[in-house]
Amino acid sequence: MFFSSSLSQRNTIKGQGFGVSAPSKSNNAVKDTTSFNVIKPDIDLYKIYTLEKDTTFVDTTLSIQSEYKYNLLRKDIFGLLPFSNEGHTYATLDFGLSIKSVLPNFGFKAKHFNYQEVSDIRYYSVPTPLTELYFKTVMEQGQALDAFLTVNTKPNLNFSIAYKGLRSLGKYVNNLTSSGNFRFTTSYFTVDKRYNLNAHFAGQDISNQENGGIVNLEEFEGSTEPFNERERIAVYFTDAVSLLKGNRFFVDHSFKLSKLKTNSLVFKHQFNQEYKFFQFSQPTINERFGSSFTNSINNKTRYNHLYNKLGIAYSTQNYGDLEFFIDDNNYNYYYNSVVYDSNGAIAVPSSISDKINMLGANYSYLINQFNVKLHVSQSLTNQSISSVEANAGYKLNDDYEFFFKYQKLNSLPNLNYTLYQSGYVNYNWFTNFNTEKLNQFDFSAKTKWLNLSTSYKILNDYLFFDNTTNDISELLVQPVQYDKTINYFSIKVDKEIKFWKFALDNTLLYQKVNQSADIVNVPQIVTRNTLYFTDYVFKKAMLLQTGITFQYFTKYYANDYNPLIGEFYVQNETKIGGFPMLDFFVNAKIRQTRIFLKAEHFNSSITGYNFYTAPNYPYRDFMIRFGLVWNFFQ
C-alpha cells in the first residue's frame with residue numbers, strides 16, 4: 001500500500017487562525033506559537049513493515065512509480081497483462097513472477113492475483129492516526145475503492161483496518177466482477193521489547209462472471225457495427241460464475257529470554273488457520289467442456305489449513321542470529337461427493353488430507369553493508385520435500401547495491417493437480433505425481449547507471465495443465481507432468497533518463513527457454529517506456545505530471561485461461577502479442593491528494609483490433625479512467 005520515500009513538500013491546512021501541517025522533519029509534535037500551526041512528526045516515523053521486519057515509510061509523493069502502482073493490486077504490474085475487465089485475472093508475461101512453495105497450496109492460481117496471502121499483509125507503527133483512500137473508475141457501472149485506517153493507541157500498540165471493494169460490469173456479456181478484501185491487523189510489543197506480536201484477520205471473496213471468451217474472432221477483429229459495441233459479440237458462456245472465498249487468522253509472536261543482555265535466546269511461534277473454497281457454477285451445461293453427469297454444474301472445492309511453527313533462536317550482536325524450528329502443517333482438501341467408475345469402484349475420492357512436519361534452521365548476519373541469510377528445511381514425515389535458500393546482499397554506497405540468491409526446492413504439487421471433481425465427465429482426476437524440483441539462481445545490481453536483474457531456473461518434473469484435444473474450440477484440460485528438464489533464463493534492465501523537467505523511464509525484459517517441447521511459453525521481449533514531464537503549476541500549489549507510456553511484447557503461444565478450473569493451461573495453436581499499447585496520463589498532487597487521469601490504450605482503433613490477453617480473450621479497448629489517492633494525517 002505504501003512504499004519508502006519522503007514527502008516532496010510540506011503543506012499546511014489553514015483554518016481560522018490555526019492549522020495542521022503534513023508530517024515534517026520534527027520527531028515530536030511542537031506548537032508554533034507564532035502561526036498556531038501544529039507541526040506533525042517526521043514522515044520516517046510512519047512505518048510499514050513485513051513479518052521479516054523489512055521496513056518502509058508512508059509515501060505521499062507523486063512519481064512515475066505512483067503511476068505504475070495506481071491499479072487494483074496496488075503494485076507495479078510490469079510482467080502482468082490484465083484481462084478486459086478489472087479484477088478478472090492476469091496473463092503472466094514474466095515467468096520469473098511465478099513463485100513456488102515447498103508445501104502444497106490450494107491451487108486455482110488464476111483467481112488468486114487479488115487474493116492477499118500472509119506475505120502480502122503489512123503491519124504499521126504511526127505517531128498519529130493515518131488514513132488512506134484509493135478510488136478508481138472501472139470499465140462500466142461500478143468503481144474500485146480501497147479504504148485504510150491505522151492508529152497507535154499506545155506507542156507499542158497499533159491497530160489497522162482496511163477494505164478493498166470492486167464492482168465492474170465489464171464491456172462484454174457475462175463479464176461482471178465483484179470482490180471484497182477485508183483486513184484487520186494488530187501489532188504489539190512490551191516496553192522492554194522482549195515480547196513482540198503481529199496478528200491479522202483477512203476475509204476475502206472474489207466473484208467473476210465467466211464468459212469463456214469470444215466465439216468468433218472475426219467479430220472482434222473487424223469491429224464494425226454492431227460489433228463495435230462489445231456486448232453484441234457472442235461469447236461461449238452466458239450464465240457461468242466463479243467464486244473464490246477465504247477467511248484467515250494469523251499470529252506471529254516471539255519472546256526474548258534475557259532482559260538486559262544483547263545476546264539472548266528468543267522463543268518464536270507462528271500460527272495460521274485458513275478456510276477457503278473455489279466454486280464454479282453453470283446452470284446450463286456447455287459442450288465446450290465435453291459431456292456431463294448432470295444438466296447443471298455446481299463444482300465446489302473446499303480447503304482447511306492449520307499451520308503451527310515453533311522456533312528457538314540465539315540472537316547475538318556480533319555473530320548474527322541462528323534459529324532452529326519445527327513446523328506442523330495440516331490440511332484437508334475435500335468435496336461432498338465421490339465419483340465411481342463403470343465397475344462401481346471409487347475412481348475419484350472425496351478428499352485428500354495430510355500432515356507434514358518439517359525441521360529446519362535459519363541464519364542471518366548483518367554487519368556494516370553486508371547482509372547474509374540462510375535457510376534449510378527437510379520433511380520429517382514421509383513426504384520427500386526439502387528447501388535450501390541462500391541470500392547475500394552488499395551495499396557499497398547509495399549508488400551501488402548488489403544481491404545474490406540461490407534456491408533449491410523439492411515441492412509437492414498444488415492440491416488441484418492431485419484431486420479435482422466436476423459435473424463434467426472429463427474434469428475428474430485423482431493423480432500421484434512426483435515432487436517438482438527447482439534450482440534457481442538470481443542476481444541483481446542497482447547502480448547509478450542502470451538497474452539489472454537476472455534469473456536462471458532449472459525445472460524438473462514440472463507440472464502444468466494441458467488441453468488434451470489440441471483444439472481451441474473444445475477444452476478438455478488435464479494436469480500433466482513433464483519428465484524432462486526445462487532451463488529458463490531472463491535478464492531485466494531498467495533506467496530512467498532525466499533532462500530538465502522531462503524524463504524517460506525504460507524497463508526491458510528478455511527471456512529464453514531451453515526445452516524439448518513447448519511447455520513454458522514466454523514472450524522473448526517485454527518492454528515498457530514512459531516519456532513524461534513534471535513541474536509545479538499555480539504558484540507551486542499543484543505538482544503536475546503528464547506523459548505517454550508505451551508497452552509491447554513479442555508474439556508467443558500464450559497460455560489460455562480455463563474458468564472451470566480457475567487455471568491457465570498450455571496451448572501451442574494460437575500466438576498473441578506484437579501489438580503496441582499506448583496510454584496517455586495526466587497526474588497531479590495537491591497537498592496530500594494525488595489525482596490520476598488516464599486515456600488507456602488510446603491507439604486501439606488506429607493500430608488494429610488484433611490485441612489479445614489470451615486466445616479468445618481480447619485486451620482492453622480505449623477508455624478514459626480517473627481517480628485519486630488521498631492521505632489524512634490526523
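Note that the coordinates shown come from a computational prediction; the quantities given were computed from them, not determined experimentally.

Definitions and limits used
Residues numbered from 1 in each chain as written. Predicted model: local features only at pLDDT ≥ 70, side-chain atom pairs only at ≥ 80, totals over all residues. Heavy atoms only, no water. Helix = DSSP H or I, 4+ residues; strand = E, 2+ residues; numbered from the N terminus. Rg over C-alpha atoms; globule rule 2.2 N^0.38 Å. Buried < 20%, exposed > 50% of the residue type's maximum accessible area, 1.4 Å probe, protein only. Contact = heavy atoms within 4.5 Å. Core = buried A, V, L, I, M, F, W, Y, C linked by side-chain atoms within 4.5 Å. Pairing = 2+ DSSP bridges. Salt bridge = Lys/Arg side-chain N within 4 Å of Asp/Glu carboxyl O. Patch = residues over 30% accessible without salt bridge, like charges linked within 9 Å, V, L, I, M, F, W, Y side chains within 5 Å. Areas by Shrake-Rupley, 256 points an atom, 1.4 Å probe, with all protein chains shown as cover. Axes fitted to C-alpha atoms, helices over the stretch in contact; angles between N-to-C directions. 1 Å grid on protein atoms, 1.4 Å probe; cavity = no way out; pocket = protein on both sides within 12 Å on 5 of 7 lines; lining within 4 Å. Points joined across faces, edges and corners; volume = space filled by probe spheres on them. pLDDT = per-residue confidence, 0-100. Phe/Tyr/Trp six-rings, centres within 6.5 Å; stacked < 30°, edge-to-face > 60°. Lys NZ or Arg CZ within 6 Å of the ring centre and 35° of its normal. Polar contact = N/O pair within 3.5 Å; in protein donor to acceptor, adjacent residues only side chain to side chain.

1. Focus on the overall build of the protein
Within the protein, the secondary structure is distributed over four helices and 41 strands. Its C-alpha atoms give the protein a radius of gyration of 26 Å, within 12% of the compact-globule value 26 Å for 634 residues. By its C-alpha atoms, the protein is 85 × 65 × 45 Å across when sized along the principal axes. For the protein, the residues scored as buried account for 50% of the 634 residues in total. A separation threshold of at least 6 residues defines the contact pool for the protein, and within that pool the share at least 24 residues apart is 63%.

2. Looking at the nonpolar core
It is characteristic of soluble globular proteins that their nonpolar side chains tend to be buried jointly. Counting 54 residues, the largest nonpolar core has Tyr333, Tyr420 and Tyr427 as its most contacted members. Here this core gets four residues from one element, more than from any other, and that element is strand S29 (residues 462-467). Among all residues touching Tyr333, those that are not within four sequence positions of it are Phe106, Phe108, Thr301, Arg302, Tyr303, Ser350, Ser351, Ile352, Leu415, Asn416, Leu419 and Tyr420. Leu81, Ala91, Leu93 and Val526 belong to the second-largest nonpolar core, a separate cluster that totals 26 residues.

3. Description of the pairing of strand S15 (residues 240-256)
Regular strands show a simple pattern: their side chains alternate between the two faces of the sheet. As paired strands, strand S14 (residues 195-210) and S15 are joined by 16 bridges and run antiparallel to one another. Across the sheet, the residue bridging to Ala202 is Arg248, located in S15. Across 16 bridges, the pairing between S15 and strand S16 (residues 264-282) is antiparallel. When the sheet's bridge partners are listed, Ser254 is paired in S16 with Lys268.

4. Focus on the pattern of salt bridges
In the structure shown here, the tally under the stated rule is 24 salt bridges. As a salt-bridge pair, Glu86 and Arg620 come within 3.1 Å of each other at their nearest N and O atoms. A residue pair is termed long-range when its members are at least 10 positions apart, and Glu86 in the loop between strand S7 (80-82) and strand S8 (90-92) and Arg620 in the loop between strand S40 (617-618) and strand S41 (623-633) qualify at 534 residues. The salt bridge involving Lys405 is made with Glu389; its shortest N-O contact spans 4.0 Å. You can see Lys405 sitting in strand S24 (residues 401-411) and its partner Glu389 sitting in strand S23 (residues 386-395), a full 16 residues away along the chain. Its relative accessible area of 22% is what places Lys405 among the partly exposed residues.

5. A closer look at a nonpolar patch on the surface
Together, Ile367, Phe370, Tyr394, Leu396, Phe402, Phe404, Phe441, Phe443, Tyr456 and Phe489 make up a nonpolar patch on the protein surface, roughly 840 Å² of accessible area in all. Elements supplying a minimum of two residues to the nonpolar patch: S24 and strand S27 (436-446). Along the chain, the position of Phe402 falls in strand S24. For Phe402, a relative accessible area of 31% translates into the label partly exposed.

6. Re the sheet that holds strand S9 (residues 123-125)
Taken in spatial order, the three strands make up an open sheet running S6-S5-S9, and their pairing is antiparallel. Since the sheet does not close on itself, it has two edges, and those belong to strand S6 (55-57) and S9, each with one partner. Averaged over neighbouring strand pairs, the angle between their axes works out to 30° when direction is ignored. With three bridges joining them, strand S5 (residues 47-49) and S6 adopt antiparallel strand pairing. By the bridge assignment for S6, Tyr49 is matched with Thr55.

7. Things to note about the layout of surface pockets
Roughly 450 Å³ of internal volume is contained in the second largest pocket. For the lining of the second largest pocket, the secondary structure elements donating two or more residues are S5, S9, strand S13 (177-189) and S14.

8. Section: the environment of Leu166
For Leu166, the position within the fold is in strand S12 (residues 157-168). On a C-alpha basis, the gap between Leu166 and Ile497 in space is 36 Å, while along the polypeptide they are 331 residues apart.

9. Focus on the confidence of the model for the protein
Low-confidence regions, as indicated by low pLDDT, have predicted coordinates that should not be scrutinised in detail. In the predicted model, the protein carries a mean pLDDT of 91, and the fraction of residues at 70 or more is 93%. Residue range residues 1-22 is modelled with pLDDT below 50. Its contacts to residues more than four positions away, or to other chains, number 78 contacts.

10. Comments concerning the pairing of S23
Pairing geometry for strand S22 (residues 370-379) and S23, over nine bridges, is antiparallel. Each bridged residue has a counterpart across the sheet, and for Lys373 the counterpart in S23 is Asn391. One ladder, built from ten bridges, connects S23 with S24; its direction is antiparallel. By the bridge assignment, Lys395 is partnered in S24 with Glu401. Hairpin connection, S23 to S24: the antiparallel pair is bridged by five residues.

11. Considering the environment of Ser384
Within the fold, Ser384 resides in the loop between S22 and S23. As for Ser384 and Gly577, which are separated by 193 residues in sequence, their C-alpha atoms are 40 Å apart.

12. Here's the deal with the side chain of Thr613
Looking at the secondary structure, you find Thr613 in strand S39 (residues 612-614). Look past the residues within four positions of Thr613 in its chain and what remains in contact with it is Leu81, Pro82, Phe83, Ala91, Ile576, Pro618 and Tyr619.

13. Some thoughts on empty space enclosed by the protein
By the definition in use, this model includes five cavities of 30 Å³ or more. By volume, the largest cavity is sized at about 490 Å³. Together, 32 residues line the largest cavity, and Ile77, Pro82, Gln551, Asp583 and Lys598 are the ones closest to its centre. Only helix H1 (64-68), S7, strand S33 (525-537), strand S34 (542-553), strand S37 (581-590) and strand S38 (593-600) provide two or more residues apiece to the lining of the largest cavity.

14. Focus on unusual backbone geometry
The peptide bond linking Glu225 to Pro226 adopts the cis configuration, its omega dihedral lying at 5°. Looking at where Pro226 falls in the secondary structure, it is placed in the loop between helix H2 (217-222) and S15. Phi is positive for Lys53, which is not a glycine, with a value near 70°. In this model, Asp461 sits at a positive phi of 55°, which is unusual for a non-glycine residue. Residue position: Asp461 is located in the loop between strand S28 (451-460) and S29.

15. Topic: the packing of aromatic side chains
Overall, the coordinates contain 49 aromatic pairs when judged by the stated rule. Centroid distance Phe220 to Tyr612: 5.5 Å. Interplanar angle 65°. Geometry classified as edge-to-face. With Phe220 in helix H2 and Tyr612 in strand S39, the pair connects residues that are 392 residues apart, well separated along the chain. Of the two residues, Phe220 and Tyr612, neither departs from the other in class, the shared state being buried. The ring of Phe277 carries the charged tip of Lys300 above its face, separated from the ring centre by 4.3 Å. A cation over an aromatic ring shows up here: Arg528 above the ring of Tyr68, its NZ or CZ 3.5 Å from the ring centre.

16. Considering the side chain of Ser264
Residue placement: Ser264 occurs in strand S16. Among the residues examined, Ser264 registers a relative accessible area of 3% and is labelled buried. Here the side chain of Ser264 touches Leu257 through a polar contact of 3.5 Å, landing on its backbone nitrogen. At a separation of 2.9 Å, a polar atom in the side chain of Ser264 contacts the main-chain amide nitrogen of Ser258. Once residues within four sequence positions are removed from consideration, Ser264 is found in contact with Lys256, Leu257, Ser258, Ala313, Tyr314 and Ser315.

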